[in-house]
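If you want the building blocks of each chain, they are given just below.
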Amino acid sequence: MADHAELSARLVTELVEAGDLAPDWRTAFEAVPRHRFVPDTVWVEDGDRLVPVDRADDKTAWLERCYANDFVITQVDDGVPAGPGRTGREITSSASRPDVVALMLAALEIEPGMSVLEIGTGTGWNAALLAERLGSDNVTSVEVDLGVADRARAVLWDAGYKLTVAAGDGALGYPSSAPFDRVIATVAADRVPYAWASQTRPGGRVLVPWTTDFHNGALLSFEVSRDGAMRGRIVGNVAFMRLRDQRGRRASLDRDVHDEDRARRSVTDLHPYDLLGEYDVSLAVGLRVPRCKLIVTHHDDGAYTVWLVDPWSGSWAGLEYEPGADRFPVRESGERDLWREVEAAYRWWDGLGRPAADRWGLTVMPEGQHVWLDTEEHRIGP
Ligand SMILES: C[S@@+](CC[C@H](N)C(=O)[O-])C[C@H]1O[C@@H](n2cnc3c(N)ncnc32)[C@H](O)[C@@H]1O
């Protein structure tokens, strides 16, 4: 069995060869052992279930999880799992994927002497990487879950990184250590908290994974202006869990899809792959259609059903895909015509000239946020 030093060296080599690890971060990745930050119990996917893996029971499997280029699930259901092997668990804390961590740290563009606020301490690994480069006095991290925060602080301090780990709502920032040169959220927001702008120096940078109900996967890099606003563009594709207060509702086919016999029926010739298989489209649909969750269920013969669910209003739509078909039956139920809304959003995106993700921007001000295309003057509303 390879020991942690070999596994760590292998991971760093993999990241370097893939072009994912910037040269100025390599030494920090080599110096900070990821396994020291991962708790003794992690969770792994087994079909559609999440099951625990304990270090004491299977040290090899546990260590391999720690050094895989993958995220490691470290808490489910806010630390109160409903019972062994149950489906429907919610992932509530994790160590992020090493290549995503490397991408985000590079995008943060730090320089010696800068002070950084991290939102979402989790295991503490990312905070340790920052402290390795900037010194512990220059790093502050906020974690909403008291137990996760206490554990991360203890592990960080034990490893020699005596930085401030505060238990609290990171959406409020951390005023007593402000202003910061950089803020990095390792948790996603759909409404980006203004506190992150107001606690950053003008000219400073704020990095935020941005999500909508329909699409999770955009990294925004903001610059804070002297007028107090911050303006950002999409610089990457990353998916994170949401800020605790912004989790909203989960969609459940069992609970939300009902009255199937009475659903309104129609047919569309828009291929579901054109709509959902492309990052740029699905991002744009998410900007246009609020409160719409997407679930795809696969059937044995290559067929699948695309479900659109609004768990707030109880509306749902289902599109049936069969291989080779060029027309697809649609059912819709509830006060919203979800399929029609999504199809209209696709046509809207097409009419705009099919903008790629990096053409969208977001401005965050005290009174709220707005989305724009190319320039701030070209605002886009839902
Ligand atoms: C993906 S994990 C962070 C990974 C972490 N940076 C690491 O290196 O392990 C996201 C974390 O954000 C935390 N979180 C969720 N909502 C939060 C909030 N409002 N304020 C601070 N932390 C929050 C979660 O409890 C979770 O631990």
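Residues numbered from 1 in each chain as written. Predicted model: local features only at pLDDT ≥ 70, side-chain atom pairs only at ≥ 80, totals over all residues. Heavy atoms only, no water.

> Let's hear about the overall build of the protein chain: which residues, and what values?
Helix and strand content of the protein chain: 11 helices and 19 strands. Taken along its principal axes, the extent of the C-alpha atoms in the protein chain is 65 × 55 × 40 Å. A separation threshold of at least 6 residues defines the contact pool for the protein chain, and within that pool the share at least 24 residues apart is 59%. Looking at the protein chain, you have 42 positive and 62 negative side-chain charges, and the mean spots of the two groups are 3 Å apart. (Helix = DSSP H or I, 4+ residues; strand = E, 2+ residues; numbered from the N terminus. Contact = heavy atoms within 4.5 Å. Lys, Arg positive; Asp, Glu negative; His and termini not counted. Charge placed at Lys NZ, Arg CZ, Asp CG, Glu CD.)

> Before we move on, could you go through empty space enclosed by the protein and cite the residues and values that matter?
Counting across every chain of the model gives 2 cavities of 30 Å³ or more. The calculated volume of the largest cavity comes to roughly 50 Å³. Lining the largest cavity are S8, L11, V12, L15, F29, V32, R34, Y67 and W125. Sorting elements by how many residues they give to the lining of the largest cavity places helix α1 (residues 4-17) first, with 4 residues. Grouping the constituent residues of the lining of the largest cavity by class yields 7 nonpolar, 1 polar and 1 charged. Lining the second largest cavity are S96, V100, V101, M104, N126, I184, T186 and F240. (1 Å grid on protein atoms, 1.4 Å probe; cavity = no way out; pocket = protein on both sides within 12 Å on 5 of 7 lines; lining within 4 Å. Points joined across faces, edges and corners; volume = space filled by probe spheres on them. Nonpolar A, V, L, I, M, F, W, Y, C, P; charged D, E, K, R; others polar.)

> I'd like a description of the site of the ligand, backed by residues and values.
Close contacts around the ligand come from 25 residues, with S93, T123, E143, D169 and G170 the closest. Within the side chain of E143, one N or O atom sits 2.6 Å away from an oxygen atom of the ligand. Residue V144 places a main-chain N or O atom 3.2 Å away from a nitrogen atom belonging to the ligand. Contact with the protein chains hides 98% of the accessible area of the ligand, taken as 600 Å² for the molecule alone. (Near = heavy atom within 4 Å. Polar contact = N/O pair within 3.5 Å; in protein donor to acceptor, adjacent residues only side chain to side chain. Areas by Shrake-Rupley, 256 points an atom, 1.4 Å probe, with all protein chains shown as cover.)

> Describe in detail the sheet that holds strand β13 (residues 293-298), supporting the description with residues and values.
Reading across the sheet, the 5 strands line up as β12-β16-β15-β14-β13 and stay open at both edges, with antiparallel pairing between neighbours. Each having just a single partner strand, β12 (264-268) and β13 make up the two edges of the open sheet. This sheet shows a mean twist of 20° between the axes of neighbouring strands, independent of strand direction. As defined by bridge partners, β12 adjoins strand β16 (residues 328-333) across 5 bridges and the pair is classed as antiparallel. Bridge assignment links S266 to a residue of β16, and that residue is V330. (Pairing = 2+ DSSP bridges. Axes fitted to C-alpha atoms, helices over the stretch in contact; angles between N-to-C directions.)

> Now, about the domain arrangement of the protein chain: what can you tell me, with residues and values included?
Under the domain assignment used here, the protein chain contains domain 1 (4-244) and domain 2 (253-351). Taken over C-alpha atoms, the centre of domain 1 sits 33 Å from the centre of domain 2. Listed by partner, the interface residues are 10 residues for domain 1 and 15 residues for domain 2. Taking both partners together, domain 1 and domain 2 bury about 1,000 Å²; carbon and sulfur atoms supply 68% of that area. Considering only the side of domain 1, the residues that lose the most area to domain 2 are D213, F214 and H215, jointly responsible for 71% of the buried surface there. Linking domain 1 with domain 2 are 1 salt bridge, by the criterion used here. (Domains from an automatic or database assignment. Buried area = accessible area lost by both parts, 1.4 Å probe. Salt bridge = Lys/Arg side-chain N within 4 Å of Asp/Glu carboxyl O.)

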